[in-house]
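Here are the chains, one letter per residue:
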Amino acid sequence: ETGVTQSPTHLIKTRGQQVTLRCSSQSGHNTVSWYQQALGQGPQFIFQYYREEENGRGNFPPRFSGLQFPNYSSELNVNALELDDSALYLCASSLDVGVPEAFFGQGTRLTVV
Amino acid sequence: AQSVTQLDSHVSVSEGTPVLLRCNYSSSYSPSLFWYVQHPNKGLQLLLKYTSAATLVKGINGFEAEFKKSETSFHLTKPSAHMSDAAEYFCVVSPVAGTYKYIFGTGTRLKVLA
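The following paragraphs examine the structure supplied in this document. (Residues numbered from 1 in each chain as written. Chains lettered and ligands numbered in written order. Predicted model: local features only at pLDDT ≥ 70, side-chain atom pairs only at ≥ 80, totals over all residues. Heavy atoms only, no water.)

A closer look at the overall build of chain B
What counts here: In DSSP terms, a helix is any run of H or I states spanning at least four residues, a strand is any run of E spanning at least two, and both are numbered starting from the N terminus. Radius of gyration here uses only the C-alpha atoms, and the compact-globule reference equals 2.2 Å multiplied by the residue count raised to the power 0.38.
Each helix and strand counted, chain B has zero helices and twelve strands in total. In chain B, the succession of helices and strands from N to C terminus is β-β-β-β-β-β-β-β-β-β-β-β. Computed over C-alpha atoms, the radius of gyration of chain B comes to 14 Å, within 12% of the 13 Å expected from 2.2 N^0.38 for 114 residues, which places it in the range of a compact globule. Principal-axis analysis of the C-alpha atoms gives chain B an extent of 45 × 30 × 20 Å.

Dropping the structure here:
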């Protein structure tokens, strides 16, 4: 176990709805990154948060947004859900923004119907 | 631009035989390279990492990888496959200083035959 926990583990949403996914980073880690893994593909970088500020973003539309809290836990919010948003969403924490090694949570499986 | 290519989408080996999963990378910077494993319906587990120290890297569960700059390769090997090694394996490059976003390969599914 990595110490990175995500909730919920599974959820089903309807197209057009909004969803919030949560991640608790490993103790002592101040950097959190989010990835989307569509079925049969490798994870794609969504964005990274470092000390409560966004520190880099991948090729995802603005309806994907995030937050990092003072305790370094994080949320991923997705508005106006589309069918293609169905995926496994992975959270990864790192000790610091300058440390490349990341530890992943088990993921949240989102199904949009 | 940085990228990573996993040369085989599927690899099948017999239990007890060697495993070779191939990975080539492209990076303008001195990269950090990783191999992760993903078992069905699970998250990603770090197998090993290269961060500009020794070029031969040993990881967990008997896996190792060799960083070859001249060939821009970072192939994953294991001398003897075990049934529990059956999983999806991802080669990852982390090239961008300041924002250590990971760039994943498309994955190699390893099947181990009894």
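Let's talk about unusual backbone geometry
Residue and element names in this part refer to chain A. Note the following rule: Buried means the residue's accessible area, taken with a 1.4 Å probe over protein chains only, is under 20% of the maximum for its type, while exposed means over 50%, and partly exposed covers the values in between.
Of note, the bond from S7 into P8 is cis; its omega dihedral lies within 30 degrees of zero at -10°. Relative to the helices and strands, P8 resides in the loop between β1 (5-7) and β2 (10-13). Of note, the phi angle at Y72 is positive, near 75°, even though the residue is not glycine. Within the secondary structure layout, Y72 lies in the loop between β7 (64-68) and β8 (74-78). On the accessibility criterion, Y72 (22% relative accessible area) is partly exposed. Of note in the backbone geometry, A80 takes a positive phi value of approximately 45° without being a glycine.

Re the packing of aromatic side chains
The description of an aromatic ring pair uses the distance of the two centres, along with the angle that the planes make with each other. Note the cut-off: We call Phe, Tyr and Trp rings a pair once their centres come within 6.5 Å, taking the six-membered ring for Trp, and we label the pair stacked below 30 degrees between planes, edge-to-face above 60, and tilted otherwise.
Scanning the model with the defined rule gives 18 aromatic pairs over all chains in all. Measuring from ring centre to ring centre gives 6.1 Å for A:F104 and B:F104, while their planes differ by 75°; the resulting arrangement is edge-to-face. Here A:F104 is found in strand β10 (residues 103-104), whereas its partner B:F104 is found in strand β11 (residues 103-104) on a different chain. The class of A:F104 is buried, set by a relative accessible area of 2%. Each ring, one from B:Y36 and one from B:Y102, has its centre 5.8 Å from the other, and the planes form 55°; the classification is tilted. Pair noted here: B:Y36 is in strand β5 (residues 32-38) and B:Y102 is in the loop between β10 (87-94) and β11, with a separation of 66 residues, a long-range link. Judged by relative accessible area, which is 0%, B:Y36 ranks as buried. Taken together, the ring pairs in this structure connect A:Y35, A:F45, A:F104, B:F34, B:Y36, B:F90, B:Y102 and B:F104 into an aromatic cluster.

Some remarks on the nonpolar core
Heads up, the condition is: Within this scheme, the nonpolar core is defined by two criteria: the residues are buried Ala, Val, Leu, Ile, Met, Phe, Trp, Tyr or Cys, and they are joined through side-chain atoms within 4.5 Å. A contact between two residues is defined here by any heavy atoms of the two lying within 4.5 Å.
Among the nonpolar cores identified, the biggest contains 27 residues, and B:W35, B:L48, B:L76 and B:Y89 are the most heavily contacted of them. In terms of residue count, the dominant contributor to this core is β10(B) (four residues). Apart from residues no more than four positions distant in its own chain, B:L76 is found in contact with B:V19, B:L20, B:L21, B:W35, B:L47, B:L48, B:F63, B:E64, B:A65 and B:Y89. Formed by 20 residues, the second largest nonpolar core is a distinct cluster that contains A:L11, A:V19, A:V78 and A:C91.

Some thoughts on the pairing of strand β12 (residues 108-113) of chain B
Residue and element names in this part refer to chain B. Formally: Two strands make a pair as long as DSSP finds a minimum of two bridges between them.
Of the two faces of β12, only the one carrying T108, L110 and V112 is buried; R109, K111 and L113 on the other face are not. When β10 meets β12, the two strands line up antiparallel, connected through three bridges. Across the sheet, residue E88 finds its bridge partner in β12, namely R109.

As for the interface of chain B and chain A
Note the cut-off: Note on definitions: buried area is the accessible-area loss of two parts on being combined, 1.4 Å probe, summed for both. Just to be clear on terms, a salt bridge is a Lys or Arg side-chain nitrogen sitting within 4 Å of an Asp or Glu carboxyl oxygen. N or O atoms closer than or at 3.5 Å make up a polar contact, with two conditions inside protein: a donor-capable atom paired with an acceptor-capable one, and, for residues adjacent in sequence, both atoms drawn from side chains.
Taken residue by residue, the interface counts 20 residues in chain B and 20 residues in chain A. Taking both sides of the interface into account, the surface hidden between chain B and chain A amounts to around 1,600 Å²; carbon and sulfur atoms contribute 55%. Inspection of the region where chain B meets chain A yields one salt bridge. With its nearest N and O atoms 2.3 Å apart, the salt bridge here joins A:E101 to B:K49. Joining chain B to chain A, the criterion identifies five residue pairs in polar contact (both at pLDDT 80 or more).

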